[in-house]
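Summary of the model geometry
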Amino acid sequence: MRIEDCNWMQVEDYLPRDDRLVVPLGSIEQHAYLSLGVDRILSERVSVEAAEPLGVLVMPSLPYGLTPYFAAYPGSPTLRVETYRAVLRDLLDSFASQGFRRFLFVNGHGGNDPGRDAVDSWRGENPDGQALWHNWWAGPKTRVVVDEIDSDATHASWFENFPWTRLEGVELPQERKPVADIARMRELDPAAVRELLGDGSLGGLYERPDDDGLRVWRAGVEEVRDLIENGWARA
């Protein structure tokens, strides 16, 4: 149920029977040989596939997030933390004023986590609303599947390599890249981050058989669907 496939009258008809809204969050940033839109693509797709059988509306993924460390890679814009938090609060206020009451933010980019504070504070100030935050790739059931396959599952590795995030005609390296020191990376400026990472992958294999990736994907979809259906506090 993508909201962009509806007109306003259909949304108005939806609200008396359901007050849930799924809001995917992404980022446009370097993903080595994969699309710059990986986080936007995955957060929206996992939300749509999870929500469709339930008939719950899904917003388009917010494409801009927090990625200052990748500023030296062209095509990787970032917002300031205070801007990002303000955007999320503004969206919640706007949605709530139209009749939505339960919001699931499905995040596709780890750098966006500071936005969780804005969602939590909004929830605390609006007792008649509910707002959940879920990092889809980090859900416990999804991580079990990932670790069964290959625990070197990092940014721009096989873990984010799906038929819908690859670029036509782009060949991926076949070797396993050593996993970068993430703690060190967080202390560096953007130019030094690019020098450390090179192509942008944080390490591991660049690709695995599609059957492996699709196992992870199914687990992610099921976890998001369970939250949409059962994640809400009882009134």
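What comes next is a walk through the structure. (Residues numbered from 1 in each chain as written. Predicted model: local features only at pLDDT ≥ 70, side-chain atom pairs only at ≥ 80, totals over all residues. Heavy atoms only, no water.)

Topic: the pattern of salt bridges
- What the rule picks out here adds up to 20 salt bridges.
- The residue Arg 45 makes a salt bridge to Glu 49 at a minimum N-O spacing of 3.0 Å. Placement of the pair is Arg 45 and Glu 49 together in helix α2 (residues 38-51), with a separation of four residues, close to one helical turn.
- Glu 49 sits in the partly exposed class, given a relative accessible area of 27%. (Salt bridge = Lys/Arg side-chain N within 4 Å of Asp/Glu carboxyl O. Helix = DSSP H or I, 4+ residues; strand = E, 2+ residues; numbered from the N terminus. Buried < 20%, exposed > 50% of the residue type's maximum accessible area, 1.4 Å probe, protein only.)

Some points on the sheet that holds strand β3 (residues 102-107)
- Overall, parallel pairing links the four strands, which are arranged β2-β1-β3-β4 in an open sheet. This sheet does not close on itself; its edge strands, each paired only once, are β2 (57-58) and β4 (130-135).
- Across two bridges, strand β1 (residues 20-25) lies against β2 in parallel orientation. Following the sheet pairing, Leu 21 is matched in β2 by Leu 57.
- α2 contacts β1, β2 and β3 of the sheet and is inclined by roughly 155° relative to β1.
- Contacting β1, β3 and β4, helix α3 (residues 81-97) crosses the sheet at an angle of about 150° to β3. (Pairing = 2+ DSSP bridges. Contact = heavy atoms within 4.5 Å. Axes fitted to C-alpha atoms, helices over the stretch in contact; angles between N-to-C directions.)

Focus: a nonpolar patch on the surface
- Together, Tyr 33, Leu 167 and Val 170 line one region of the surface with nonpolar side chains, adding up to about 220 Å² of accessible area.
- Structurally, Leu 167 can be placed in the loop between α5 (140-149) and β5 (176-177). (Patch = residues over 30% accessible without salt bridge, like charges linked within 9 Å, V, L, I, M, F, W, Y side chains within 5 Å. Areas by Shrake-Rupley, 256 points an atom, 1.4 Å probe, with all protein chains shown as cover.)

Regarding the nonpolar core
- In terms of nonpolar packing, the biggest core is built from 53 residues, with Leu 21, Phe 100, Phe 103 and Phe 105 touching the most fellow members.
- Once residues lying within four places of it in the same chain are set aside, the contact partners of Leu 21 are Ile 3, Val 56, Leu 57, Met 59, Phe 95, Phe 100, Arg 102, Phe 103 and Leu 104.
- Listed in part, the seven residues of the second largest apolar core include Ala 180, Met 185, Val 193 and Leu 202. (Core = buried A, V, L, I, M, F, W, Y, C linked by side-chain atoms within 4.5 Å.)

Quick notes on α5
- Of the positions making up α5, those classed as buried are Thr 142, Val 145, Val 146 and Ile 149. Buried residues in α5, looked at end-on, bunch into an arc of 100°, giving them a common side. For α5, the exposed residues set more than 90 degrees away from the buried face come down to Pro 140, Lys 141 and Glu 148.
- Residues of α5 that are buried make contact with α8 (210-230). (Arc of directions from axis to C-beta.)

Let's talk about the side chain of Arg 20
- For Arg 20, the location among the structural elements is in strand β1.
- Overall, Arg 20 belongs to the buried group, its relative accessible area being 14%.
- Within the local environment of Arg 20, its side chain forms a polar contact with the side chain of Asp 18, the two groups lying 2.8 Å apart.
- A distance of 3.0 Å separates a polar side-chain atom of Arg 20 from the backbone oxygen of Ile 228.
- Residues within four places of Arg 20 in sequence aside, it is in contact with Tyr 14, Leu 54, Val 56, Leu 57, Phe 100, Arg 102, Ile 228, Glu 229 and Trp 232. (Polar contact = N/O pair within 3.5 Å; in protein donor to acceptor, adjacent residues only side chain to side chain.)

Quick look at the environment of Val 221
- Mapped onto the fold, Val 221 is located in helix α8.
- Separated by 170 residues in sequence, Val 221 and Ala 51 have C-alpha atoms that sit 8.9 Å apart.
- If we ignore the near neighbours within four places in the chain, the residues touching Val 221 are Val 46, Glu 49 and Ala 50.

Some words on the environment of Ala 71
- Tracing the chain through its elements places Ala 71 in the loop between β2 and α3.
- Taking the C-alpha atoms as reference, Ala 71 lies 21 Å from Leu 42; in sequence the two are 29 residues apart.
- Discounting residues that sit within four places of it in the chain, Ala 71 has contacts with Ser 76 and Pro 190.

Considering α8
- With 21 residues, α8 should cover 30 Å at 1.5 Å per step; its first-to-last C-alpha distance of 30 Å lies within 8% of that length.
- Residues Asp 212, Gly 213, Val 216, Trp 217, Ala 219, Gly 220, Val 221, Glu 223, Val 224 and Ile 228 constitute the buried set of α8.
- On its buried side, α8 packs onto β1, α2, β3, β4 and α5. (Expected span 1.5 Å × (residues − 1).)

Some remarks on the side chain of Asn 112
- Tracing the chain through its elements places Asn 112 in the loop between β3 and α4 (115-125).
- Only 3.0 Å separates the side chain of Asn 112 from the backbone oxygen of Gly 26, close enough to count as a polar contact.
- For Asn 112, the side chain forms a polar contact with the side chain of Asn 107, separated by 3.1 Å.
- Those residues in contact with Asn 112 that sit more than four places away from it in its chain are Leu 25, Gly 26, Gly 65, Leu 66, Tyr 84, Asn 107 and Trp 133.

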